[in-house]
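Tertiary structure, described
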Amino acid sequence: MKLTSSNIFGRKLTLLGIFLFLFILKPVLAENLEIEASGFLEWNQQSKTYSANENAMATQGDRTIKADEIIAFYESEEDRSITRIEAKGSVTFQDGVDSGYTDNLVYTTQTQTIILSGSKNYLESEQFTAESASKIEFFQVEGKLSLLNKAVISLSDNREIQAEQIDLELIEGNQIKSMNARGNVKLTEESGRIAYANSAVYNAETEDTTLTDSVEIIDGDNLLRGEKAIINMVSGYSKILAGGENKRVTGKLILNTSN
């Protein structure tokens with residue numbers, strides 16, 4: 001069953017399609033929109049919704065969203081502005097550059113908030129990939145991205161950060177301005193060096209990552225422990241600190257020597 005913007009329901013479903021693609025975070029162009037479903041398409045005035053069920057797909061240009069069900073909620077019969085979009089079941093999305101998948105997607109138009117929820121949530125951009133075992137929240141206006149439960153950020157330069165929660169501040173082009181990771185933090189660098197801590201803060205301006213609370217750095221056969229460490233992600237420079245008057249830095253350093 002197929003609907004295009006040229007038939008009788010085109011106006012309503014065009015509204016649906018326009019807002020569906022807002023979650024991709026790019027402006028929608030004036031292109032032909034198609035919405036398809038193998039089950040049915042429905043306009044329910046009582047619940048104030050437009051729905052596409054069973055293998056639902058909405059496309060506009062290079063933007064596509066697929067799900068078992070896609071629902072758009074509007075304000076009222078007098079004001080049919082879309083207030084919320086829900087995509088449920090095996091959701092995938094792509095706009096030619098960014099892509100991802102989730103079990104459920106909710107986009108709230110007033111706050112421009114996107115929520116991916118389910119057992120596996122994945123978002124891929126040119127700058128990084130984001131994964132979460134529970135929820136990904138994106139606050140578009142504020143440029144903030146939050147990953148909850150077994151969060152993973154993989155950067156384009158083969159660095160990876162794992163934690164129970166990761167919060168990012170983004171600027172134009174999904175560039176990371178800062179990152180805050182909390183709970184069972186693991187930082188893996190391209191060189192193979194691994195750092196563990198309970199908290200890590202990354203500042204893109206300085207390229208420094210500051211790790212605190214039970215820090216452990218493993219670099220080959222070298223092992224260092226302390227309460228605070230600073231790692232520069234460009235130069236590889238690292239410094240580990242005791243973190244208190246009565247605390248010490250411990251570990252081992254194995255240095256190569258020539259006879």
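Residues numbered from 1 in each chain as written. Predicted model: local features only at pLDDT ≥ 70, side-chain atom pairs only at ≥ 80, totals over all residues. Heavy atoms only, no water.

Digging into the overall build of the protein chain
Rule in force here: Strands here are runs of E lasting at least two residues and helices are runs of H or I lasting at least four, both read from the DSSP assignment and numbered beginning at the N terminus. Exposure classes here rest on a 1.4 Å probe applied to the protein chains alone. A residue is buried below 20% of its type maximum, exposed above 50%, and partly exposed in between. Method for areas: the Shrake-Rupley scheme with a 1.4 Å probe, in which residue coverage is limited to the protein chains shown.
Scanning the protein chain for helices and strands turns up one helix and 19 strands. Every one of the 259 residues in the protein chain was classed for burial, and the buried ones make up 39%. Carbon and sulfur atoms form 46% of the exposed surface of the protein chain, whose accessible area is close to 13700 Å².

So, the packing of aromatic side chains
To be explicit about the condition: Side-chain rings of Phe, Tyr and Trp (the six-membered ring for Trp) are treated as a pair once their centres are within 6.5 Å; stacked means planes under 30 degrees apart, edge-to-face means over 60, and tilted covers the remaining angles.
Here the structure, examined in full by the defined rule, presents three aromatic pairs. Geometrically, the ring pair formed by Tyr 101 and Tyr 122 is stacked, given 5.0 Å between the ring centres and 15° between the ring planes. On the criterion of sequence distance, the pair formed by Tyr 101 in strand β7 (residues 99-108) and Tyr 122 in strand β9 (residues 121-124) is long-range, its members being 21 residues apart. We classify Tyr 101 as partly exposed; its relative accessible area is 35%. A relative accessible area of 16% means that Tyr 122 is categorised as buried. Among the aromatic residues, those joined into a ring-pair cluster are Trp 43, Tyr 50 and Tyr 74.

Quick word on the pairing of strand β8 (residues 113-117)
Formally: At least two bridges found by DSSP between two strands are what make those strands a pair.
Pairing analysis gives five bridges linking β7 to β8, with the strands arranged antiparallel. Residue pairing for β8: Asn 104 is matched across the bridge by Ser 117. Hairpin connection, β7 to β8: the antiparallel pair is bridged by four residues, and Gln 112 has positive phi, about 50°. Relative to strand β11 (residues 135-139), β8 runs antiparallel, the two sharing five bridges. Bridge assignment links Leu 116 to a residue of β11, and that residue is Ile 136.

Examining the nonpolar core
Side chains of nonpolar character tend, in soluble globular proteins, to be buried together. Which entries qualify depends on this criterion: The criterion is simple. A nonpolar core is a set of buried Ala, Val, Leu, Ile, Met, Phe, Trp, Tyr and Cys residues joined through side-chain atoms within 4.5 Å. Throughout, a residue-residue contact means that at least one pair of heavy atoms, one from each residue, lies within 4.5 Å.
Ile 153, Ile 166 and Leu 168 are the most contacted members of the largest nonpolar core, which totals 51 residues. Beyond its immediate chain neighbours, meaning those up to four positions away, Ile 166 contacts Leu 145, Ser 146, Leu 147, Ala 151, Val 152, Ile 153, Ile 161, Met 179, Asn 180 and Ala 181.

A look at unusual backbone geometry
Generally, phi is negative for residues other than glycine and the peptide bonds are trans, each holding for most cases. The phi angle at Ser 90 is positive, at roughly 50°, despite the residue not being glycine. By secondary structure assignment, the location of Ser 90 is in strand β6 (residues 82-94). Residues other than glycine seldom take positive phi values, yet Asn 149 does so here, at roughly 75°. Assignment of secondary structure puts Asn 149 in strand β12 (residues 144-155). Looking at Asn 149, the relative accessible area reads 32%, which means it is partly exposed.

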